[in-house]
Every structure is written in structure tokens, then in C-alpha cells.
Amino acid sequence: MTAVARPAISADATRVAEICTSAYRAAYQDLLPPGYIDRTVAVYFGAERVARQVPADPPRWFGYQVAEEDGRLLGAAGGGMTRDGVGELHLIYLDPRERRRGLGTLLLDRVIEQIRAAGGTEVWLSVFLGDAAGIGFYRARGFQPVETVQAGLSRADDHIRSLRMRRMLE
Ligand SMILES: CC(C)(COP(=O)(O)OP(=O)(O)OC[C@H]1O[C@@H](n2cnc3c(N)ncnc32)[C@H](O)[C@@H]1OP(=O)(O)O)[C@@H](O)C(=O)NCCC(=O)NCCS
């Protein structure tokens, strides 16, 4: 694989928003209600919001990281610290046509290195219950399930739950 992971720059924002939107819709169309998907995409993946979040604000946010191959952006991820020693992978999304060839691992490893460099000894993330692909990926990369919680943006009546997973860093 010739892809590299690097920090996003302002000029990447539109493509990052596009990747997150298409990956989110493709991954969850059979799992989540359309209204929830539309709400999430509108809140988190608008090009203007993504553009505002391109710059890092460490240690809370290390900025979007992108996977690039032959001049094309194929994936995006981002993480930060939630408290001393504890990191969080906030998002990781690939162009749906580019799954299963190591790009997710490339991006995950980069965010983990950022967390480690900031003194992190553990990494947490949320994944929707029922997201077999996401959970399979995280398990393969050393994360263990810890607890279930109500998903972000979930409303009391939609019962959407997330699994919190953790990996200890050696
Ligand atoms: C989840 C995601 C980031 C994984 O990235 P990826 O590049 O496809 O994963 P990799 O190629 O690095 O896979 C590494 C290992 O994870 C596991 N894995 C990956 N995808 C999997 C799947 N769909 N089902 C089960 N295990 C999977 C495998 O063990 C894989 O190794 P292998 O291909 O040698 O068997 C990507 O598929 C994606 O963007 N999905 C849509 C959005 C999403 O689900 N995000 C995560 C939830 S928040």
C-alpha cells in the first residue's frame, strides 16, 4: 500500500466532509433510522464545521488526519484527550469503496500515536451496537467492549445505543 496518513489542511475540508458523509450513510443505512442519519450528517459533517475543525486544538483535539494515496484523499480520522492519560478516537471514516485494505489501520495507528505522544495510556471509542464491521475492526485492533451507553444525538424514544470500547496502550 502506498497510502500515507497526514494532518488535514484547509483545502481538504470539503473532501473530508464528503468522505465522512458517504461513509456514514453507507455504513448505517440498514442499522439506523433515516432521521438519525440525516441529523448526524447535518450536525457533524457539514463542510463549514469540518473546515472549522481542521486546525488542531491539543490536547483536546489533534485535528483531522487523512489517508492520501496518489493525490486522492480516501479516509479521515480524528482523536484527542478527554482527561489526563485518557485518549478518545472521535471518528474514523473511509470512502466506502476503499475498505478492507489497511487504510483504517493506517489512520487508527496515527491517532493512537498522537494519543500516546500526549501521555495517553488508554484509548476509548464509541461504536453503534449492531455495527458488526466497526466492532470487528476494533476487536481486530485490540479494543475490548466495556459498556453500552445511549448514543450521541439519540433521543429518548429512538433507543439508539453505542458500545464503549477500550484499548490499553503498552
Ligand atoms: C471500520 C473501518 C474504519 C475499517 O477500516 P478498513 O480499512 O476497512 O480496515 P482494515 O483494512 O485496516 O482492517 C483491519 C482488520 O480489521 C478487521 N475488519 C475490518 N473490517 C471488518 C469487517 N467489515 N468485519 C469484520 N472485521 C473487519 C479485519 O480483521 C481486518 O483485517 P483483515 O482485512 O486482514 O482481515 C472502515 O471499514 C469504515 O470506514 N467503515 C465505515 C465507518 C465505520 O464503521 N466507522 C467505525 C465506526 S465509528
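In what follows, the accompanying structure is described. In this text, all values refer to a predicted model and were calculated from it rather than measured experimentally. (Residues numbered from 1 in each chain as written. Predicted model: local features only at pLDDT ≥ 70, side-chain atom pairs only at ≥ 80, totals over all residues. Heavy atoms only, no water.)

Examining the sheet that holds strand 7 (residues 161-168)
Then comes step 1: As summarised here, the arrangement of the seven strands in space is 1-2-3-4-5-7-6, forming an open sheet in which the pairing is mixed. Taken across any chain shown, the strands that pair with only one partner, and hence form the sheet edges, are strand 1 (4-7) and strand 6 (144-150). For this sheet, the mean inter-axis angle between neighbouring strands, taken without regard to orientation, is 30 degrees.
Then comes step 2: Relative to strand 4 (residues 86-94), strand 3 (residues 72-83) is paired through eight bridges, and the arrangement is antiparallel. (Pairing = 2+ DSSP bridges. Helix = DSSP H or I, 4+ residues; strand = E, 2+ residues; numbered from the N terminus. Axes fitted to C-alpha atoms, helices over the stretch in contact; angles between N-to-C directions.)

Here we look at the packing of aromatic side chains
Then comes step 1: Inspection of every chain in the model, using the stated rule, returns eleven aromatic pairs.
Then comes step 2: Geometrically, the ring pair formed by Phe45 and Tyr93 is edge-to-face, given 5.6 Å between the ring centres and 80 degrees between the ring planes. Highlighted residues: Phe45 in the loop between helix 2 (34-44) and helix 3 (47-52) and Tyr93 in strand 4, separated in sequence by 48 residues.
Then comes step 3: Judged by its relative accessible area of 13%, Tyr93 falls in the buried class.
Then comes step 4: When the ring of Phe137 is compared with that of Tyr138, the centres are 5.3 Å apart and the planes differ by 55 degrees; the resulting orientation is tilted.
Then comes step 5: On the basis of relative accessible area, Tyr138 is assigned to the buried category, the value being 8%.
Then comes step 6: Among the aromatic side chains, those forming a connected cluster through ring pairs are Tyr24, Tyr28, Tyr36, Tyr44, Phe45, Tyr93 and Phe128. (Phe/Tyr/Trp six-rings, centres within 6.5 Å; stacked < 30°, edge-to-face > 60°. Buried < 20%, exposed > 50% of the residue type's maximum accessible area, 1.4 Å probe, protein only.)

Quick look at the site of the ligand
Then comes step 1: Within the structure, the ligand sits among 20 residues, and Leu94, Arg100, Gly102, Gly104 and Thr105 are positioned closest to it.
Then comes step 2: Within the backbone of Arg100, a nitrogen or oxygen atom sits 2.7 Å from an oxygen atom of the ligand.
Then comes step 3: In the environment of the ligand, an oxygen atom lies 2.7 Å from a nitrogen or oxygen atom belonging to the backbone of Gly104.
Then comes step 4: At the level of secondary structure, the elements contributing two or more residues to the shell around the ligand comprise helix 1 (13-28), strand 4, helix 4 (103-117) and helix 5 (132-140).
Then comes step 5: Per-element tally for the shell around the ligand: the top contributor is helix 5, with five residues.
Then comes step 6: Residue classes in the shell around the ligand are distributed as ten nonpolar, five polar and five charged. (Near = heavy atom within 4 Å. Polar contact = N/O pair within 3.5 Å; in protein donor to acceptor, adjacent residues only side chain to side chain. Nonpolar A, V, L, I, M, F, W, Y, C, P; charged D, E, K, R; others polar.)

A closer look at the pairing of strand 7
Then comes step 1: Pairing between strand 5 (residues 122-128) and strand 7: seven bridges, direction antiparallel. Note that in strand 7 the partner of Trp124 across the bridge is Arg166.
Then comes step 2: Note: strand 6 against strand 7, six bridges, orientation antiparallel. Paired with Pro145 across the two strands is Met165, which belongs to strand 7.

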